[in-house]
Amino acid sequence: MLESAARRMGEEPGGILAADESIGTMGSRLNDIGITDNPEDPTYRNAWRAVMFGASLRPAVNGVILFEEQLANPKLVNMLTVQGVLPGIKIDQGLAFFAGSDVEQVTLGLDGVEKRLKLYSEQGAAFTKFRSFIHIREGQGMPSDACILANAKVQAGFARASQDSGRVPMVEPEVNMVGEHPIEYCAEVTEQVLRIVFEELDAAGVHLPGMVLKPNMILSGSKAKNRAAPEAVARATVDVLSRVVPDAVPVIAFLSGGQTDEEAYANLSAINLTARAEGHPWRLTYSFGRAAQKGALNVWRGSPYSVQAARARFVELLAEMSAASMGAYPTVAV
Ligand code: 13P
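The present account deals with the structure reproduced in this document. (Residues numbered from 1 in each chain as written. Predicted model: local features only at pLDDT ≥ 70, side-chain atom pairs only at ≥ 80, totals over all residues. Heavy atoms only, no water.)

## Thoughts on the side chain of S287
Following the sequence through the fold, S287 ends up in strand β10 (residues 283–288). Take S287: its relative accessible area is 1%, and that puts it in the buried class. Among the polar contacts made by the side chain of S287, one reaches the side chain of K214 at a distance of 2.8 Å. Residue contacts for S287: discarding those within four places in its chain leaves I16, A18, I65, M170, K214, A253, F254 and L255. (Helix = DSSP H or I, 4+ residues; strand = E, 2+ residues; numbered from the N terminus. Buried < 20%, exposed > 50% of the residue type's maximum accessible area, 1.4 Å probe, protein only. Polar contact = N/O pair within 3.5 Å; in protein donor to acceptor, adjacent residues only side chain to side chain. Contact = heavy atoms within 4.5 Å.)

Structure, rendered in structure tokens:
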């Protein structure tokens, strides 16, 4: 059951849509398009989700990660299930500073997770997502080994609890792209993070064919000079994955992490071309949030008159993402 659900989440030509912004994060995305969001009132937050979920999502979207406010809304969940799209749930609950650091963080949400998993299962969640957030400060000892290990242990505990409840865990150990560091340092840190995560998953008895890995791509820092082009991103990403991700993991669905949509799609496409040429076993696809939504959110801007245009733009972006997940972006017009 877990194995077939995990494979279904990555089924070609689709991937996962991340629409699990917390109330605060969604509020700031809405503020960016001129909407004043009220944390006490989900109207706009739900309206944006209804714009997306009312679009024709298949075959580009196999599953959608929701925030608990939206999973608790049967109307929104139904907009997915009638299309054959799996609902998922973000189950992490914020970040705390790690061991006295004012930069490094560890993810919260493991306490009482069994009880919440029971509720989410009743509400229809087929899979879960848990994100940890690793900061890079090259030359300042960050990330520290201790912080990497602490986050990996939480990831493993979450993944095991999720599988015990019959839900596929998406394990998301994000290495943040913010910084001036070169691509080589992102590769070094990501390789270490993933290696420790898989050691802890093994120790916790997590069944690898019943999970999805949601990593960052290997990128130059967002403020680096001469940022690496897609071919170099692909080479570095496939090299790191092939060293540390067991073949038993069926699906690797990348986060976009603050890349523009064109950048994320071009990189995903190049990663697929490289991995396919070399015969790697995993399905390599997307679990994008910002890179999937931003272009359509900018068309919508909260107006009922722009819903159709926003959906049309969203469907175009989904088609481009889908092409990228098969190594065929940019699509050439004929
Ligand atoms: P981005 O693609 O915007 O990084 O979001 C993915 C996600 O789910 C972050 O947890």
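Read on for the rest.
## A word on the packing of helix α10 (residues 261–277) against helix α12 (residues 307–324)
Put simply, α10 and α12 touch, their axes get as near as 8 Å, and they point 25° apart. Considering their axes alone, α10 and α12 lie roughly parallel with respect to each other. Of α12, the residues touching α10 (which contributes D261, Y265, L268, S269 and N272) are L317, E320, M321 and A324. Tallied by class, the residues present in the contact of α10 with α12 amount to 5 nonpolar, 2 polar and 2 charged. (Axes fitted to C-alpha atoms, helices over the stretch in contact; angles between N-to-C directions. Parallel < 35°, antiparallel > 145°, perpendicular 65-115°, else oblique. Nonpolar A, V, L, I, M, F, W, Y, C, P; charged D, E, K, R; others polar.)

## Topic: the packing of aromatic side chains
What the rule picks out here adds up to 5 aromatic pairs. Ring geometry for Y265 against F288: centres 6.2 Å apart, planes inclined by 5°, an arrangement best described as stacked. One end of the pair, Y265, is in helix α10; the other, F288, is in strand β10, with 23 residues separating them in the sequence. Of the two residues, Y265 and F288, both sit in the buried class. Sitting over the ring of F133, R131 keeps its end group 4.4 Å from the ring centre. (Phe/Tyr/Trp six-rings, centres within 6.5 Å; stacked < 30°, edge-to-face > 60°. Lys NZ or Arg CZ within 6 Å of the ring centre and 35° of its normal.)

## Remarks on the pairing of strand β3 (residues 86–90)
Taken across its 5 residues, β3 has 5 buried, putting it largely inside the fold. Two elements, strand β2 (residues 61–66) and β3, share 4 bridges in a ladder whose sense is parallel. For V64, the partnering residue across the bridge sits in β3 and is P87. In this sheet, strand β6 (residues 127–134) lies alongside β3 in parallel orientation, the contact comprising 3 bridges. Counterpart to I89 in the pairing with β6 is T128. (Pairing = 2+ DSSP bridges.)

## Looking at the environment of M26
Mapping M26 onto the fold places it in helix α2 (residues 23–32). Of the residues examined, M26 reaches a relative accessible area of 0% and is grouped as buried. Once the C-alpha coordinates of M26 and P39 are considered, the two residues, 13 residues apart in sequence, prove to be 9.5 Å apart. Leaving out residues up to four positions away in the same chain, M26 has contacts with E21, R45, W48 and R49.

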